[in-house]
Amino acid sequence: MIRRTAARIAVAFTGVITLLVVGQTAAHAAPVNDDYSAAIAVETLSFTTTIDTRGATADPTDPTGCHNNASVWFSFTPARDGRIRAHTIGNDYEAALSAWTGEQGALTQVACHYDNGGQYGQVSFAVTAGTTYHFMVGACCGDGGTGGGTLRFSLEQFEAPANDDFADAVPVGALPYSNSQDYRGATGETGEPRSCAPASHTGWYSYTPTTTRSVTARTNPGHAGVTAYTGSTLNQLSLVACSPLYSYQPLTFVAQAGRTYLFQVGSDGSAEHAFQLDVAPQPTAEFYHYPSEPSSYDQISFSSSAWDSAGLGISSYAWDFGDGTTSTEANPVHRLGTDGDHTVRLTAETPDGRSASVSHVVQVRTHDVAIVRMTVPRTARVGQTIGVDVHIRNTRYPETVQVELFRGTPTGYTSVGSASRPVPVKSDGRTTRFSFAYTVTGDDLATGKLTFRATADPSPSRDALPADNELLSTPIRIS
């Protein structure tokens, strides 16, 4: 006989009764480090362990403020000052990671991190030799509950760089100079200035130039901050210049010969940085102009394109247009009133006196052809072929001109024909004649009169005065 209930199923088989609990899973044992007092002591770094926390619980004395659900504990007492990083990257549940000092029930939080919606926590902070730090890993989010899963906990310590303190500033040798330090273990010194580039991970360099000149400091990667000071003690430094953390800008200033400069590199503690110092490069200068083929009538727009890779920017512009005139505007407008080859020069200067110059020859050519008259008969009749002469004047440069002739209609103009030919320069008032033939139609008779329109195009040259490049004939009476 088999008896079933909502909670259990009893099965009779060869005299043995087996009880199965439906809807429940086997209990999970609490991990060995479930309580603060049983924290796993980390002895050697780098350290990584994987444990099952599904049976973890929260203790009433566990601190709140960083989620103590299903809390487990680790402890570490560093033998030397430095910086440590703990993380739970690689676990399979959303973990909250916190660090504490003090005694159970009276702990002080050092750090806390949880990625709400993610699966890892990560904290990094400076440690003092001989101080015990406890790490609590809880299940996000809440306090007093159970939970957990497969936890992967890691702990590592970073050495402080050799130039961590002001007194240990690394001397800069000949330029260009580069030196790399691991800032993951860097710390901030008591009394260290934070006036421009506040950062908790710093290193120091010193530099005494033998020649007065502009120098540029930068870091690679470029997100670290750099601040330059003068002075001989940490509490009596004078700010010279600064490039803040995450600005990605170089630091440039005029370094005086014989004066010692102290460089503070400020990092977020995430990477190794190379401090680089070199003589500041000269800026670059370039310019463009429009129109690209100007005439003597054009107001030419000049556009500067100067750049300072050292980061100070351009403070002044000096233009010489080659015709006795100048300008200090960044993008001036100027007319070169005579045809010829004009050498235009731009000099761009930085605030610290570095400069760059560039020159270009601007060719000014005033191309100008004009239709001065069009000869047509006074009258014409249907079927008659008449002549139309278009007279082109050219007094500047030899041109190849295309003349197109149009016939007027009640709705606009239709093309009659076109002709292209060289038009020489004639300074005595003479013109070049383009001749066309047209046969009068019945449509012209219906209109009662006939008017022609002519256009002259000196392409590829650009005509300086296009207004006189077209002309209408006098009306021809049709009979």
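Everything below is about the structure printed above this text.
### Some points on the overall build of the protein chain
Argument step 1. Assigned secondary structure in the protein chain consists of 1 helix and 38 strands.
Argument step 2. A compact globule built from 479 residues would reach a C-alpha radius of gyration of about 23 Å, whereas the protein chain, at 44 Å, exceeds it by more than 25%.
Argument step 3. For the protein chain, the residues scored as buried account for 43% of the 479 residues in total.
Argument step 4. As displayed, the protein chain has an accessible area near 23900 Å², and 48% of this comes from carbon and sulfur atoms.

### With respect to the sheet that holds strand E16 (residues 213–220)
Argument step 1. A sheet is described by the order of its strands in space; here 4 strands give the open sequence E14-E21-E16-E19, paired in antiparallel fashion. Looking at strand neighbours, the two that pair on one side only are strand E14 (177–182) and strand E19 (251–255), the edges of this open sheet. Taken pair by pair, the neighbouring strands of this sheet meet at an average axis angle of 20 degrees, ignoring direction.
Argument step 2. Pairing geometry for E16 and strand E21 (residues 272–279), over 6 bridges, is antiparallel. The residue of E21 that forms the bridge with alanine 217 is leucine 277.

### Concerning the sheet that holds strand E26 (residues 333–334)
Argument step 1. What the 3 strands build is an open sheet, ordered E22-E23-E26; its pairing is antiparallel. Where the open sheet ends on each side, the last strands, each with one partner, are strand E22 (287–290) and E26.
Argument step 2. Strand direction decides the pairing type here: strand E23 (residues 300–304) and E26, joined by 2 bridges, are antiparallel. Pairing of serine 301 across the sheet is with valine 333, part of E26.

### Digging into the nonpolar core
Argument step 1. Counting residues in hydrophobic clusters, the biggest one holds 25 residues, and the most contacted among them are Phe74, Phe125, Phe135, Val137, Leu151, Phe153 and Leu155.
Argument step 2. Elements with a minimum of two residues in this core: strand E5 (47–52), strand E6 (72–76), strand E7 (82–87), strand E8 (95–103), strand E10 (122–127), strand E11 (133–139) and strand E12 (150–158).
Argument step 3. Broken down by element, the residue count for this core peaks at 4 residues, all from E11.
Argument step 4. Beyond its immediate stretch of four places on either side in the chain, leucine 151 contacts Thr49, Thr50, Ile51, Thr53, Val72, Phe74, Thr88, Asn91, Tyr93 and Val137.
Argument step 5. Within the second largest apolar cluster, 23 residues are counted, among which are Val423, Phe434, Phe436 and Ala454.

### Points about the pairing of E8
Argument step 1. Most of E8 sits out of view: 7 of its 9 residues are buried.
Argument step 2. Summarising the sheet, E8 and strand E9 (residues 106–114) pair through 8 bridges and their orientation is antiparallel. Considered in E9, the bridge of alanine 96 is made with tyrosine 114.
Argument step 3. Taken together, E8 and the strand that follows it, E9, pair antiparallel across an intervening segment of 2 residues, in which glycine 105 is found at a positive phi of about 90 degrees.

### Considerations on the state of the cysteines
Argument step 1. Summed over the entire model, instances satisfying the criterion amount to 2 disulfides.
Argument step 2. Paired through a disulfide, cysteine 140 and cysteine 141 show a sulfur-sulfur distance of 1.6 Å.
Argument step 3. We classify cysteine 140 as buried; its relative accessible area is 18%.
Argument step 4. The exposure class assigned to cysteine 141 is partly exposed, which follows from its relative accessible area of 40%.

### Here's the deal with the packing of aromatic side chains
Argument step 1. Across all of its chains, the model carries 19 aromatic pairs by this definition.
Argument step 2. Measuring from ring centre to ring centre gives 6.2 Å for tryptophan 319 and phenylalanine 321, while their planes differ by 15 degrees; the resulting arrangement is stacked.
Argument step 3. Taking relative accessible area as the criterion, tryptophan 319 reaches 2% and is therefore assigned buried.
Argument step 4. On the basis of relative accessible area, phenylalanine 321 is assigned to the buried category, the value being 2%.
Argument step 5. Relative to phenylalanine 452, the ring of tyrosine 438 lies with its centre 5.4 Å away and its plane at 80 degrees, an arrangement referred to as edge-to-face. Here phenylalanine 452 lies in strand E36 (residues 452–457) and tyrosine 438 lies in strand E34 (residues 432–439), a separation of 14 residues in the sequence. Comparing tyrosine 438 with phenylalanine 452 shows no difference in burial state: the two are buried.
Argument step 6. Grouping aromatic residues by their ring pairs yields a cluster made of Phe47, Phe74, Phe125, Tyr133, Phe135 and Phe153.
Argument step 7. Of note, arginine 421 hangs over the ring of phenylalanine 434, and the distance from its end group to the ring centre comes to 5.4 Å.
Argument step 8. Sitting above the plane of the phenylalanine 406 ring, arginine 453 keeps its charged end 5.2 Å from the centroid.

Parameters and conventions
- Residues numbered from 1 in each chain as written.
- Predicted model: local features only at pLDDT ≥ 70, side-chain atom pairs only at ≥ 80, totals over all residues.
- Heavy atoms only, no water.
- Helix = DSSP H or I, 4+ residues; strand = E, 2+ residues; numbered from the N terminus.
- Rg over C-alpha atoms; globule rule 2.2 N^0.38 Å.
- Buried < 20%, exposed > 50% of the residue type's maximum accessible area, 1.4 Å probe, protein only.
- Areas by Shrake-Rupley, 256 points an atom, 1.4 Å probe, with all protein chains shown as cover.
- Pairing = 2+ DSSP bridges.
- Axes fitted to C-alpha atoms, helices over the stretch in contact; angles between N-to-C directions.
- Core = buried A, V, L, I, M, F, W, Y, C linked by side-chain atoms within 4.5 Å.
- Contact = heavy atoms within 4.5 Å.
- Disulfide = S-S within 2.5 Å.
- Phe/Tyr/Trp six-rings, centres within 6.5 Å; stacked < 30°, edge-to-face > 60°.
- Lys NZ or Arg CZ within 6 Å of the ring centre and 35° of its normal.

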